[in-house]
Protein chains: 2
Amino acid sequence: MQFEKTMPKTKDTKTARETYHHGNLVEALVAAAIAIVEEKGVDNLSVREVAKKAGVSPGAPFRHFSSKGALLTAVAEQAIHRLAGSVEQALSTLAADDPMEQLRAVGMGYLDWARLNPTHFQIISSRTLIDFHGSETLVSVNEALRLLLGDIIRRARDEGRMKASLDTDDVMLSARAFVYGLARMYIDGHFSEWKVSRPPEDAMRQALDLFIEGLRAAPPDARR
Amino acid sequence: MQFEKTMPKTKDTKTARETYHHGNLVEALVAAAIAIVEEKGVDNLSVREVAKKAGVSPGAPFRHFSSKGALLTAVAEQAIHRLAGSVEQALSTLAADDPMEQLRAVGMGYLDWARLNPTHFQIISSRTLIDFHGSETLVSVNEALRLLLGDIIRRARDEGRMKASLDTDDVMLSARAFVYGLARMYIDGHFSEWKVSRPPEDAMRQALDLFIEGLRAAPPDARR
DNA sequence: TATGCGATGTAATCAATGATTACATAATTC
DNA sequence: GAATTATGTAATCATTGATTACATCGCATA
(Lines give C-alpha, C1' and ligand atoms only; values in the text may rest on other atoms or scores of the structure.)
Protein backbone atom coordinates (compact mmCIF):
# COMPACT_ATOMS: atom_id res chain seq x y z
CA MET A 1 0.00 0.00 0.00
CA GLN A 2 1.04 3.58 0.45
CA PHE A 3 3.88 4.83 2.57
CA GLU A 4 3.92 7.71 4.96
CA LYS A 5 6.53 9.46 2.92
CA THR A 6 3.98 10.37 0.29
CA MET A 7 2.58 12.84 2.76
CA PRO A 8 3.42 16.54 2.37
CA LYS A 9 7.07 17.12 2.93
CA THR A 10 8.41 19.61 5.38
CA LYS A 11 11.75 19.69 3.60
CA ASP A 12 11.60 19.33 -0.10
CA THR A 13 15.22 18.76 -1.02
CA LYS A 14 15.40 15.56 0.96
CA THR A 15 12.79 12.88 0.97
CA ALA A 16 10.63 12.43 3.98
CA ARG A 17 11.65 8.81 4.14
CA GLU A 18 13.00 7.78 7.51
CA THR A 19 15.44 5.15 6.37
CA TYR A 20 18.07 5.51 3.75
CA HIS A 21 16.91 2.32 2.14
CA HIS A 22 13.40 2.24 0.90
CA GLY A 23 12.52 -1.23 2.04
CA ASN A 24 10.50 -2.40 -0.92
CA LEU A 25 11.30 -0.15 -3.78
CA VAL A 26 10.54 -2.63 -6.53
CA GLU A 27 6.91 -2.98 -5.55
CA ALA A 28 6.63 0.71 -4.81
CA LEU A 29 7.98 1.57 -8.27
CA VAL A 30 5.56 -0.75 -10.02
CA ALA A 31 2.70 0.66 -7.98
CA ALA A 32 3.77 4.21 -8.75
CA ALA A 33 4.13 3.41 -12.42
CA ILE A 34 0.64 1.93 -12.50
CA ALA A 35 -0.82 4.97 -10.78
CA ILE A 36 0.85 7.39 -13.17
CA VAL A 37 0.02 5.32 -16.21
CA GLU A 38 -3.63 5.17 -15.23
CA GLU A 39 -3.71 8.87 -14.60
CA LYS A 40 -1.79 10.22 -17.57
CA GLY A 41 -1.47 7.38 -20.05
CA VAL A 42 1.48 5.31 -21.13
CA ASP A 43 2.90 7.99 -23.37
CA ASN A 44 3.27 10.43 -20.53
CA LEU A 45 5.11 8.13 -18.19
CA SER A 46 8.63 9.04 -17.19
CA VAL A 47 10.91 7.08 -14.92
CA ARG A 48 11.72 10.29 -13.13
CA GLU A 49 8.14 10.82 -12.14
CA VAL A 50 7.85 7.25 -10.99
CA ALA A 51 10.91 7.74 -8.84
CA LYS A 52 9.54 10.97 -7.46
CA LYS A 53 6.23 9.35 -6.62
CA ALA A 54 8.08 6.54 -4.84
CA GLY A 55 10.12 9.11 -2.99
CA VAL A 56 13.53 8.20 -4.36
CA SER A 57 16.08 9.83 -6.58
CA PRO A 58 15.74 9.78 -10.37
CA GLY A 59 18.44 7.16 -10.77
CA ALA A 60 17.21 4.77 -8.12
CA PRO A 61 14.77 2.83 -10.32
CA PHE A 62 17.62 1.78 -12.56
CA ARG A 63 19.06 -0.26 -9.70
CA HIS A 64 16.05 -2.51 -10.06
CA PHE A 65 15.01 -2.12 -13.68
CA SER A 66 17.58 -1.93 -16.37
CA SER A 67 15.43 0.34 -18.48
CA LYS A 68 12.09 2.03 -18.68
CA GLY A 69 10.92 -0.94 -20.74
CA ALA A 70 11.90 -3.33 -17.97
CA LEU A 71 9.80 -1.37 -15.51
CA LEU A 72 6.84 -1.41 -17.87
CA THR A 73 7.36 -5.12 -18.40
CA ALA A 74 6.91 -5.64 -14.68
CA VAL A 75 3.70 -3.65 -14.89
CA ALA A 76 2.63 -5.83 -17.80
CA GLU A 77 3.30 -9.03 -15.90
CA GLN A 78 0.99 -7.92 -13.18
CA ALA A 79 -1.58 -6.84 -15.71
CA ILE A 80 -1.76 -10.03 -17.74
CA HIS A 81 -2.51 -12.02 -14.61
CA ARG A 82 -5.47 -9.78 -14.01
CA LEU A 83 -6.59 -10.22 -17.60
CA ALA A 84 -6.42 -13.98 -17.23
CA GLY A 85 -8.34 -13.64 -13.98
CA SER A 86 -11.09 -11.70 -15.71
CA VAL A 87 -11.43 -14.41 -18.32
CA GLU A 88 -11.46 -17.20 -15.74
CA GLN A 89 -13.96 -15.33 -13.65
CA ALA A 90 -16.28 -14.90 -16.62
CA LEU A 91 -16.02 -18.60 -17.35
CA SER A 92 -16.72 -19.58 -13.78
CA THR A 93 -20.07 -17.82 -13.73
CA LEU A 94 -21.47 -20.10 -16.40
CA ALA A 95 -24.02 -22.63 -15.26
CA ALA A 96 -24.25 -24.96 -18.22
CA ASP A 97 -21.23 -26.63 -19.78
CA ASP A 98 -21.83 -25.17 -23.21
CA PRO A 99 -18.74 -24.47 -25.34
CA MET A 100 -20.46 -21.75 -27.35
CA GLU A 101 -21.41 -20.02 -24.12
CA GLN A 102 -17.86 -20.46 -22.94
CA LEU A 103 -16.63 -18.83 -26.09
CA ARG A 104 -18.86 -15.88 -25.44
CA ALA A 105 -17.76 -15.71 -21.82
CA VAL A 106 -14.09 -15.74 -22.73
CA GLY A 107 -14.69 -12.97 -25.23
CA MET A 108 -16.61 -10.82 -22.81
CA GLY A 109 -14.10 -11.43 -20.03
CA TYR A 110 -11.39 -10.23 -22.38
CA LEU A 111 -13.39 -7.26 -23.61
CA ASP A 112 -14.54 -6.20 -20.17
CA TRP A 113 -11.03 -6.19 -18.84
CA ALA A 114 -9.72 -4.29 -21.83
CA ARG A 115 -12.47 -1.72 -21.49
CA LEU A 116 -11.90 -1.22 -17.78
CA ASN A 117 -8.11 -1.29 -18.00
CA PRO A 118 -7.33 0.45 -21.26
CA THR A 119 -3.81 1.55 -20.49
CA HIS A 120 -2.84 -1.83 -19.11
CA PHE A 121 -4.29 -3.46 -22.19
CA GLN A 122 -2.19 -1.12 -24.28
CA ILE A 123 0.91 -2.09 -22.39
CA ILE A 124 0.51 -5.85 -22.62
CA SER A 125 -0.40 -5.57 -26.30
CA SER A 126 2.70 -3.57 -27.15
CA ARG A 127 5.86 -5.19 -28.35
CA THR A 128 7.91 -1.99 -28.30
CA LEU A 129 7.04 -0.60 -24.88
CA ILE A 130 7.77 -3.89 -23.16
CA ASP A 131 9.98 -6.92 -23.68
CA PHE A 132 7.15 -9.38 -24.15
CA HIS A 133 9.11 -12.34 -25.41
CA GLY A 134 11.77 -11.78 -22.79
CA SER A 135 9.25 -12.31 -20.02
CA GLU A 136 8.49 -15.89 -19.10
CA THR A 137 5.33 -14.74 -17.36
CA LEU A 138 3.93 -12.82 -20.29
CA VAL A 139 4.64 -15.58 -22.77
CA SER A 140 3.25 -18.38 -20.65
CA VAL A 141 0.07 -16.65 -19.50
CA ASN A 142 -0.59 -15.56 -23.05
CA GLU A 143 -0.07 -19.08 -24.28
CA ALA A 144 -2.36 -20.49 -21.59
CA LEU A 145 -5.13 -18.16 -22.73
CA ARG A 146 -4.53 -19.21 -26.31
CA LEU A 147 -4.73 -22.89 -25.44
CA LEU A 148 -7.89 -22.30 -23.44
CA LEU A 149 -9.51 -20.71 -26.46
CA GLY A 150 -8.35 -23.57 -28.65
CA ASP A 151 -9.84 -26.17 -26.32
CA ILE A 152 -13.19 -24.45 -26.25
CA ILE A 153 -13.34 -24.08 -30.00
CA ARG A 154 -12.29 -27.67 -30.58
CA ARG A 155 -14.95 -28.89 -28.22
CA ALA A 156 -17.62 -26.73 -29.83
CA ARG A 157 -16.72 -28.22 -33.14
CA ASP A 158 -16.58 -31.79 -31.87
CA GLU A 159 -19.96 -31.43 -30.24
CA GLY A 160 -21.50 -30.13 -33.42
CA ARG A 161 -22.23 -26.71 -32.03
CA MET A 162 -19.97 -25.01 -34.52
CA LYS A 163 -19.95 -25.30 -38.30
CA ALA A 164 -18.04 -28.46 -39.17
CA SER A 165 -16.43 -26.75 -42.13
CA LEU A 166 -14.41 -24.45 -39.89
CA ASP A 167 -10.79 -25.08 -39.09
CA THR A 168 -9.87 -24.68 -35.44
CA ASP A 169 -6.79 -22.57 -36.12
CA ASP A 170 -8.75 -20.28 -38.40
CA VAL A 171 -11.43 -19.77 -35.80
CA MET A 172 -8.83 -19.12 -33.13
CA LEU A 173 -7.11 -16.44 -35.14
CA SER A 174 -10.39 -14.90 -36.23
CA ALA A 175 -11.83 -14.84 -32.73
CA ARG A 176 -8.69 -13.30 -31.31
CA ALA A 177 -8.53 -10.74 -34.09
CA PHE A 178 -12.15 -9.85 -33.53
CA VAL A 179 -11.94 -9.15 -29.81
CA TYR A 180 -8.55 -7.54 -30.21
CA GLY A 181 -9.95 -5.26 -32.87
CA LEU A 182 -12.95 -4.30 -30.78
CA ALA A 183 -10.79 -3.62 -27.76
CA ARG A 184 -8.31 -1.57 -29.70
CA MET A 185 -10.96 0.40 -31.55
CA TYR A 186 -12.38 1.37 -28.19
CA ILE A 187 -9.04 2.12 -26.59
CA ASP A 188 -7.65 3.91 -29.62
CA GLY A 189 -10.69 6.14 -29.63
CA HIS A 190 -12.31 4.96 -32.85
CA PHE A 191 -15.74 4.29 -31.39
CA SER A 192 -16.87 7.88 -31.77
CA GLU A 193 -15.93 7.94 -35.43
CA TRP A 194 -17.91 4.76 -35.95
CA LYS A 195 -20.97 6.31 -34.37
CA VAL A 196 -21.14 3.88 -31.52
CA SER A 197 -23.77 5.68 -29.49
CA ARG A 198 -24.70 2.81 -27.20
CA PRO A 199 -22.63 2.18 -24.10
CA PRO A 200 -19.41 0.56 -25.29
CA GLU A 201 -20.03 -2.63 -23.36
CA ASP A 202 -23.37 -3.07 -25.10
CA ALA A 203 -21.87 -2.47 -28.52
CA MET A 204 -19.11 -4.92 -27.76
CA ARG A 205 -21.50 -7.59 -26.55
CA GLN A 206 -23.72 -7.13 -29.57
CA ALA A 207 -20.78 -7.38 -31.93
CA LEU A 208 -19.39 -10.42 -30.16
CA ASP A 209 -22.77 -12.13 -30.41
CA LEU A 210 -22.86 -11.38 -34.11
CA PHE A 211 -19.46 -12.97 -34.57
CA ILE A 212 -20.31 -16.07 -32.56
CA GLU A 213 -23.62 -16.56 -34.34
CA GLY A 214 -21.67 -16.63 -37.55
CA LEU A 215 -19.73 -19.61 -36.29
CA ARG A 216 -22.70 -21.56 -35.01
CA ALA A 217 -23.91 -24.69 -36.75
CA ALA A 218 -27.55 -24.74 -37.79
CA PRO A 219 -29.59 -26.74 -35.27
CA PRO A 220 -30.02 -30.33 -36.52
CA ASP A 221 -33.79 -29.99 -36.98
CA ALA A 222 -33.74 -26.63 -38.68
CA ARG A 223 -34.91 -28.02 -42.03
CA ARG A 224 -38.53 -27.47 -43.00
CA MET B 1 28.79 31.27 -45.12
CA GLN B 2 27.65 28.60 -42.78
CA PHE B 3 25.42 26.50 -44.94
CA GLU B 4 28.12 25.50 -47.31
CA LYS B 5 29.67 23.22 -44.75
CA THR B 6 26.34 21.53 -44.17
CA MET B 7 26.21 20.49 -47.76
CA PRO B 8 27.68 17.10 -48.48
CA LYS B 9 30.30 17.52 -51.14
CA THR B 10 29.82 15.39 -54.18
CA LYS B 11 27.01 13.49 -52.56
CA ASP B 12 24.02 12.38 -54.58
CA THR B 13 21.49 12.94 -51.82
CA LYS B 14 18.72 15.32 -52.57
CA THR B 15 19.44 16.98 -49.25
CA ALA B 16 22.06 19.20 -50.84
CA ARG B 17 20.87 22.71 -51.27
CA GLU B 18 22.43 25.67 -53.03
CA THR B 19 20.14 28.38 -51.84
CA TYR B 20 19.50 29.68 -48.38
CA HIS B 21 15.85 28.93 -48.79
CA HIS B 22 15.02 25.35 -49.34
CA GLY B 23 12.37 25.91 -51.94
CA ASN B 24 9.91 23.26 -50.93
CA LEU B 25 10.68 22.39 -47.38
CA VAL B 26 7.19 21.24 -46.45
CA GLU B 27 7.14 18.45 -48.98
CA ALA B 28 10.74 17.59 -48.30
CA LEU B 29 10.02 17.28 -44.58
CA VAL B 30 7.04 15.03 -45.13
CA ALA B 31 9.07 12.88 -47.50
CA ALA B 32 11.96 12.70 -45.06
CA ALA B 33 9.61 11.82 -42.22
CA ILE B 34 8.10 9.04 -44.28
CA ALA B 35 11.49 7.64 -45.14
CA ILE B 36 12.66 7.66 -41.54
CA VAL B 37 9.41 6.26 -40.25
CA GLU B 38 9.54 3.39 -42.69
CA GLU B 39 13.11 2.67 -41.85
CA LYS B 40 13.08 2.96 -38.07
CA GLY B 41 9.46 2.97 -36.99
CA VAL B 42 7.27 5.71 -35.62
CA ASP B 43 8.69 5.51 -32.14
CA ASN B 44 12.17 6.33 -33.35
CA LEU B 45 11.27 9.40 -35.31
CA SER B 46 12.71 12.70 -34.20
CA VAL B 47 12.11 16.06 -35.77
CA ARG B 48 15.82 16.69 -35.64
CA GLU B 49 16.56 13.73 -37.82
CA VAL B 50 13.84 14.77 -40.24
CA ALA B 51 15.42 18.20 -40.43
CA LYS B 52 18.84 16.71 -40.94
CA LYS B 53 17.60 14.47 -43.73
CA ALA B 54 15.98 17.44 -45.40
CA GLY B 55 19.23 19.37 -45.01
CA VAL B 56 17.97 22.13 -42.73
CA SER B 57 18.58 23.16 -39.16
CA PRO B 58 16.81 21.43 -36.28
CA GLY B 59 14.43 24.31 -35.76
CA ALA B 60 13.42 24.81 -39.34
CA PRO B 61 10.56 22.26 -39.39
CA PHE B 62 8.77 24.23 -36.71
CA ARG B 63 8.30 27.07 -39.16
CA HIS B 64 5.97 24.82 -41.08
CA PHE B 65 4.66 22.40 -38.47
CA SER B 66 3.75 23.63 -35.05
CA SER B 67 4.76 20.38 -33.45
CA LYS B 68 6.01 16.90 -34.15
CA GLY B 69 2.37 15.80 -34.12
CA ALA B 70 1.50 18.29 -36.84
CA LEU B 71 4.24 16.87 -39.03
CA LEU B 72 3.00 13.35 -38.46
CA THR B 73 -0.53 14.50 -39.20
CA ALA B 74 0.64 15.63 -42.60
CA VAL B 75 2.16 12.22 -43.14
CA ALA B 76 -1.13 10.66 -42.08
CA GLU B 77 -3.10 12.75 -44.54
CA GLN B 78 -1.01 11.46 -47.37
CA ALA B 79 -1.29 7.93 -46.04
CA ILE B 80 -5.06 7.78 -45.69
CA HIS B 81 -5.47 8.76 -49.29
CA ARG B 82 -3.35 5.81 -50.27
CA LEU B 83 -5.39 3.56 -48.03
CA ALA B 84 -8.58 4.73 -49.68
CA GLY B 85 -6.92 4.16 -53.03
CA SER B 86 -6.09 0.60 -52.14
CA VAL B 87 -9.69 -0.06 -51.19
CA GLU B 88 -11.02 1.53 -54.36
CA GLN B 89 -8.55 -0.34 -56.45
CA ALA B 90 -9.60 -3.64 -54.91
CA LEU B 91 -13.23 -2.79 -55.62
CA SER B 92 -12.53 -1.85 -59.20
CA THR B 93 -11.08 -5.25 -60.05
CA LEU B 94 -14.38 -6.97 -59.38
CA ALA B 95 -16.26 -8.23 -62.41
CA ALA B 96 -19.68 -9.00 -60.99
CA ASP B 97 -21.74 -6.48 -59.03
CA ASP B 98 -21.98 -8.68 -55.96
CA PRO B 99 -22.15 -6.90 -52.59
CA MET B 100 -20.69 -9.85 -50.70
CA GLU B 101 -17.77 -9.88 -53.07
CA GLN B 102 -17.46 -6.14 -52.63
CA LEU B 103 -17.35 -6.63 -48.89
CA ARG B 104 -14.53 -9.07 -49.29
CA ALA B 105 -12.70 -6.75 -51.68
CA VAL B 106 -12.97 -3.81 -49.32
CA GLY B 107 -11.65 -5.95 -46.51
CA MET B 108 -8.73 -7.26 -48.51
CA GLY B 109 -7.92 -3.81 -49.86
CA TYR B 110 -7.77 -2.57 -46.31
CA LEU B 111 -5.74 -5.52 -45.04
CA ASP B 112 -3.34 -5.50 -47.96
CA TRP B 113 -2.57 -1.86 -47.47
CA ALA B 114 -2.12 -2.27 -43.74
CA ARG B 115 0.18 -5.22 -44.26
CA LEU B 116 2.31 -3.43 -46.83
CA ASN B 117 2.33 -0.10 -44.99
CA PRO B 118 2.48 -1.05 -41.33
CA THR B 119 3.97 2.13 -39.99
CA HIS B 120 1.59 4.32 -41.95
CA PHE B 121 -1.30 2.24 -40.72
CA GLN B 122 -0.05 2.76 -37.19
CA ILE B 123 0.08 6.49 -37.71
CA ILE B 124 -3.39 6.94 -39.13
CA SER B 125 -4.82 4.66 -36.44
CA SER B 126 -3.28 6.64 -33.62
CA ARG B 127 -5.10 9.40 -31.84
CA THR B 128 -2.14 10.50 -29.76
CA LEU B 129 0.60 10.68 -32.38
CA ILE B 130 -1.53 12.76 -34.70
CA ASP B 131 -4.36 15.25 -34.45
CA PHE B 132 -6.91 13.13 -36.28
CA HIS B 133 -10.03 15.10 -35.51
CA GLY B 134 -8.23 18.35 -36.23
CA SER B 135 -7.60 17.26 -39.79
CA GLU B 136 -10.41 17.78 -42.25
CA THR B 137 -8.76 15.36 -44.63
CA LEU B 138 -8.43 12.53 -42.15
CA VAL B 139 -11.96 12.88 -40.87
CA SER B 140 -13.58 13.11 -44.28
CA VAL B 141 -11.68 10.29 -45.97
CA ASN B 142 -12.31 8.10 -42.96
CA GLU B 143 -15.98 8.92 -43.09
CA ALA B 144 -16.14 8.23 -46.81
CA LEU B 145 -14.72 4.78 -46.24
CA ARG B 146 -17.21 4.19 -43.47
CA LEU B 147 -20.11 5.22 -45.67
CA LEU B 148 -18.84 3.02 -48.47
CA LEU B 149 -18.85 0.04 -46.14
CA GLY B 150 -22.33 0.93 -44.95
CA ASP B 151 -23.68 1.09 -48.48
CA ILE B 152 -22.27 -2.30 -49.37
CA ILE B 153 -23.63 -3.94 -46.25
CA ARG B 154 -27.05 -2.38 -46.70
CA ARG B 155 -27.22 -3.56 -50.26
CA ALA B 156 -26.12 -7.07 -49.31
CA ARG B 157 -28.88 -7.18 -46.79
CA ASP B 158 -31.49 -5.73 -49.12
CA GLU B 159 -30.60 -8.22 -51.80
CA GLY B 160 -30.94 -11.10 -49.41
CA ARG B 161 -27.28 -12.03 -49.58
CA MET B 162 -26.78 -11.36 -45.90
CA LYS B 163 -28.73 -12.71 -42.94
CA ALA B 164 -31.84 -10.59 -42.58
CA SER B 165 -31.55 -10.67 -38.82
CA LEU B 166 -28.40 -8.57 -38.87
CA ASP B 167 -28.46 -4.87 -38.14
CA THR B 168 -26.42 -2.75 -40.53
CA ASP B 169 -24.69 -0.76 -37.82
CA ASP B 170 -23.75 -3.92 -35.95
CA VAL B 171 -22.28 -5.46 -39.08
CA MET B 172 -20.38 -2.26 -39.83
CA LEU B 173 -18.79 -2.12 -36.41
CA SER B 174 -18.06 -5.83 -36.41
CA ALA B 175 -16.52 -5.79 -39.86
CA ARG B 176 -14.36 -2.82 -39.02
CA ALA B 177 -13.29 -4.35 -35.72
CA PHE B 178 -12.42 -7.58 -37.46
CA VAL B 179 -10.14 -6.15 -40.11
CA TYR B 180 -8.72 -3.64 -37.66
CA GLY B 181 -7.93 -6.44 -35.25
CA LEU B 182 -6.28 -8.56 -37.93
CA ALA B 183 -4.23 -5.65 -39.16
CA ARG B 184 -3.13 -4.64 -35.69
CA MET B 185 -2.32 -8.17 -34.62
CA TYR B 186 -0.04 -8.41 -37.61
CA ILE B 187 1.51 -5.00 -37.13
CA ASP B 188 1.84 -5.32 -33.37
CA GLY B 189 3.69 -8.58 -33.86
CA HIS B 190 1.11 -10.96 -32.44
CA PHE B 191 1.02 -13.32 -35.39
CA SER B 192 4.00 -15.33 -34.23
CA GLU B 193 2.46 -15.88 -30.82
CA TRP B 194 -0.70 -17.09 -32.48
CA LYS B 195 1.24 -19.59 -34.54
CA VAL B 196 0.34 -18.09 -37.85
CA SER B 197 2.71 -20.09 -39.98
CA ARG B 198 1.13 -19.38 -43.34
CA PRO B 199 2.04 -16.20 -45.18
CA PRO B 200 0.22 -13.39 -43.40
CA GLU B 201 -1.80 -12.47 -46.46
CA ASP B 202 -3.13 -16.01 -46.69
CA ALA B 203 -4.04 -16.11 -43.04
CA MET B 204 -5.77 -12.76 -43.35
CA ARG B 205 -7.73 -13.82 -46.42
CA GLN B 206 -8.78 -17.05 -44.78
CA ALA B 207 -9.90 -15.26 -41.65
CA LEU B 208 -11.77 -12.64 -43.63
CA ASP B 209 -13.57 -15.35 -45.57
CA LEU B 210 -14.56 -17.02 -42.34
CA PHE B 211 -16.01 -13.76 -41.06
CA ILE B 212 -17.93 -13.03 -44.24
CA GLU B 213 -19.31 -16.55 -44.46
CA GLY B 214 -20.70 -15.99 -41.00
CA LEU B 215 -22.73 -13.08 -42.32
CA ARG B 216 -24.03 -14.78 -45.42
CA ALA B 217 -27.66 -15.79 -45.71
CA ALA B 218 -28.30 -19.43 -46.52
CA PRO B 219 -29.07 -19.81 -50.22
CA PRO B 220 -32.83 -19.94 -50.72
CA ASP B 221 -32.81 -23.59 -51.89
CA ALA B 222 -30.40 -24.89 -49.27
CA ARG B 223 -33.00 -27.13 -47.62
CA ARG B 224 -32.74 -30.82 -48.18
C1' DT C 1 29.13 -8.09 19.19
C1' DA C 2 32.03 -6.31 15.76
C1' DT C 3 33.08 -5.88 11.09
C1' DG C 4 33.34 -6.18 6.36
C1' DC C 5 31.10 -6.56 2.13
C1' DG C 6 27.32 -6.58 -1.00
C1' DA C 7 23.06 -4.29 -1.84
C1' DT C 8 20.72 -0.04 -2.24
C1' DG C 9 20.07 4.91 -2.89
C1' DT C 10 22.12 9.72 -4.14
C1' DA C 11 24.32 13.23 -6.80
C1' DA C 12 26.30 14.63 -10.75
C1' DT C 13 26.39 14.27 -15.34
C1' DC C 14 25.67 13.07 -20.44
C1' DA C 15 23.29 12.86 -24.79
C1' DA C 16 19.04 13.20 -27.27
C1' DT C 17 14.95 15.49 -28.00
C1' DG C 18 10.79 18.85 -28.55
C1' DA C 19 10.22 23.37 -28.49
C1' DT C 20 11.03 28.63 -28.26
C1' DT C 21 13.28 32.97 -29.33
C1' DA C 22 16.28 36.38 -31.42
C1' DC C 23 18.44 37.07 -35.49
C1' DA C 24 20.01 36.57 -40.44
C1' DT C 25 18.93 35.99 -45.19
C1' DA C 26 16.19 35.43 -49.24
C1' DA C 27 12.12 36.43 -52.00
C1' DT C 28 8.45 39.43 -53.18
C1' DT C 29 5.99 43.58 -53.76
C1' DC C 30 5.43 48.35 -54.34
C1' DG D 1 15.74 49.97 -55.22
C1' DA D 2 13.62 49.93 -50.63
C1' DA D 3 10.36 47.87 -47.54
C1' DT D 4 7.97 43.92 -46.13
C1' DT D 5 7.17 39.22 -45.54
C1' DA D 6 8.59 34.47 -45.63
C1' DT D 7 11.97 31.31 -44.50
C1' DG D 8 16.03 29.29 -42.29
C1' DT D 9 19.86 29.54 -38.50
C1' DA D 10 21.88 29.71 -34.01
C1' DA D 11 21.45 29.63 -29.39
C1' DT D 12 19.07 28.08 -25.73
C1' DC D 13 15.75 25.71 -22.39
C1' DA D 14 13.37 21.94 -20.04
C1' DT D 15 12.56 17.11 -19.97
C1' DT D 16 14.02 12.63 -20.13
C1' DG D 17 16.55 7.95 -20.27
C1' DA D 18 20.64 6.40 -18.87
C1' DT D 19 25.47 5.99 -16.70
C1' DT D 20 28.97 6.56 -13.19
C1' DA D 21 31.22 7.62 -8.86
C1' DC D 22 30.18 7.78 -4.34
C1' DA D 23 27.57 7.46 0.18
C1' DT D 24 24.98 4.67 3.26
C1' DC D 25 22.82 0.84 5.03
C1' DG D 26 22.15 -3.75 6.96
C1' DC D 27 23.03 -8.49 7.00
C1' DA D 28 26.06 -12.59 7.33
C1' DT D 29 29.77 -14.32 9.42
C1' DA D 30 33.31 -14.98 12.54
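Rules behind the numbers
- Residues numbered from 1 in each chain as written.
- Chains lettered and ligands numbered in written order.
- Predicted model: local features only at pLDDT ≥ 70, side-chain atom pairs only at ≥ 80, totals over all residues.
- Least-squares fit on C-alpha atoms with pLDDT ≥ 70 in both.
- Contact = placed C-beta atoms within 7 Å.
- Core = buried A, V, L, I, M, F, W, Y, C linked by C-beta atoms within 7 Å.
- Buried ≥ 20, exposed ≤ 12 C-beta atoms within 10 Å, placed from the backbone.
- Helix = DSSP H or I, 4+ residues; strand = E, 2+ residues; numbered from the N terminus.
- Domains from an automatic or database assignment.
- Nonpolar A, V, L, I, M, F, W, Y, C, P; charged D, E, K, R; others polar.
- Axes fitted to C-alpha atoms, helices over the stretch in contact; angles between N-to-C directions.
- Parallel < 35°, antiparallel > 145°, perpendicular 65-115°, else oblique.
- Left-handed = near helix turned anticlockwise from the far one by under 90°.

Q: What am I meant to see in the relation of the copies chain B and chain A here?
A: Take chain B, turn it by 180 degrees, move it 0.0 Å along the axis, and it overlays chain A with an RMSD of 0.0 Å. Both copies of the chain, as the preceding transformation shows, are related through a two-fold rotation axis. Both copies contact each other with a shared surface, as 100% of the interface residues of chain B are interface residues in chain A too.

Q: Is there a simple way to explain the nonpolar core in this structure?
A: The nonpolar side chains of a soluble globular protein tend to be buried, and buried together. The biggest cluster of nonpolar side chains holds 124 residues, and the ones touching the most others in it are V75 and L182 of chain A together with V75 and L182 of chain B. Excluding residues within four positions of it along the chain, V75 of chain A makes contact with V30, A33, I34, V37 and I123 of chain A.

Q: Would you mind going over the environment of I124 of chain A with me for this structure?
A: Tracing the backbone shows I124 of chain A in helix α6 (residues 118-125). For I124 of chain A and L173 of chain A, which are 49 residues apart along the polypeptide, the C-alpha to C-alpha distance reads 18 Å.

Q: Help me out: how do you make sense of the domain arrangement of chain A in this one?
A: Reports of interface size often rely on the accessible area that becomes lost once the parts have come together. Residues and elements named next belong to chain A. Entries for chain A in the domain assignment read domain 1 (4-64) and domain 2 (68-215). For the side of domain 1 that touches domain 2, the secondary structure elements donating two or more residues are α1 (25-40) and α2 (47-54). The biggest single contributor to the side of domain 1 that touches domain 2 is α1, with six residues. In terms of residue class, the side of domain 1 that touches domain 2 is made up of nine nonpolar, one polar and one charged.

Q: Teacher, can you tell me more about the packing of helix α8 (residues 168-187) of chain A against helix α9 (residues 200-215) of chain B here?
A: In a pair of packed helices, the angle between the axes and the distance between the axes together describe the arrangement. Remark: α8 of chain A packs on α9 of chain B, axes separated minimally by 9 Å, with the N-to-C direction vectors making an angle of 80 degrees. On the basis of their axis angle, the class for α8 of chain A and α9 of chain B is roughly perpendicular. Each of D170, V171, L173, S174 and A177 of chain A in α8 of chain A lies in contact with α9 of chain B, whose residues at this interface are A203, Q206, A207, L210 and F211 of chain B.

Q: Looking at this structure, how should I read helix α6 (residues 118-125) of chain B?
A: One full turn of an α-helix is made of 3.6 residues, so residues set three or four places apart face in the same direction. The buried fraction of α6 of chain B is high, at six of eight residues. All buried positions along α6 of chain B are accounted for by H120, F121, Q122, I123, I124 and S125 of chain B.

Q: Would you explain the interface of chain B and chain A in this entry?
A: Chain B puts 33 residues into the contact, and the matching count from chain A is 33 residues. Secondary structure elements with two or more residues in the side of chain B that touches chain A: α7 (136-158), α8 (168-187) and α9 of chain B. Ranked by the residues each element gives to the side of chain B that touches chain A, the list is headed by α8 of chain B, at 12 residues. Per-class residue counts for the side of chain B that touches chain A are 15 nonpolar, eight polar and 10 charged.

Q: Would you explain the packing of α1 of chain A against α2 of chain A in this entry?
A: All names here are of chain A. Packing of α1 against α2 leaves a shortest axis separation of 9 Å and a crossing angle of 115 degrees. In terms of crossing hand, the pair formed by α1 and α2 is right-handed. On α2, the residues that touch L25, A28, L29, A32, A33, A35 and I36 of α1 are E49, V50, K53 and A54. The class makeup of the residues in the contact of α1 with α2 is nine nonpolar, no polar and two charged.

Q: I tried to follow the environment of L29 of chain A on my own but got confused; where do I start?
A: Residue and element names in this part refer to chain A. Tracing the backbone through its elements, the reader meets L29 in helix α1. Placed 25 residues apart in sequence, L29 and A54 show a C-alpha to C-alpha distance of 6.0 Å. If we ignore the near neighbours within four places in the chain, the residues touching L29 are V50, A54, P61, H64 and L71.

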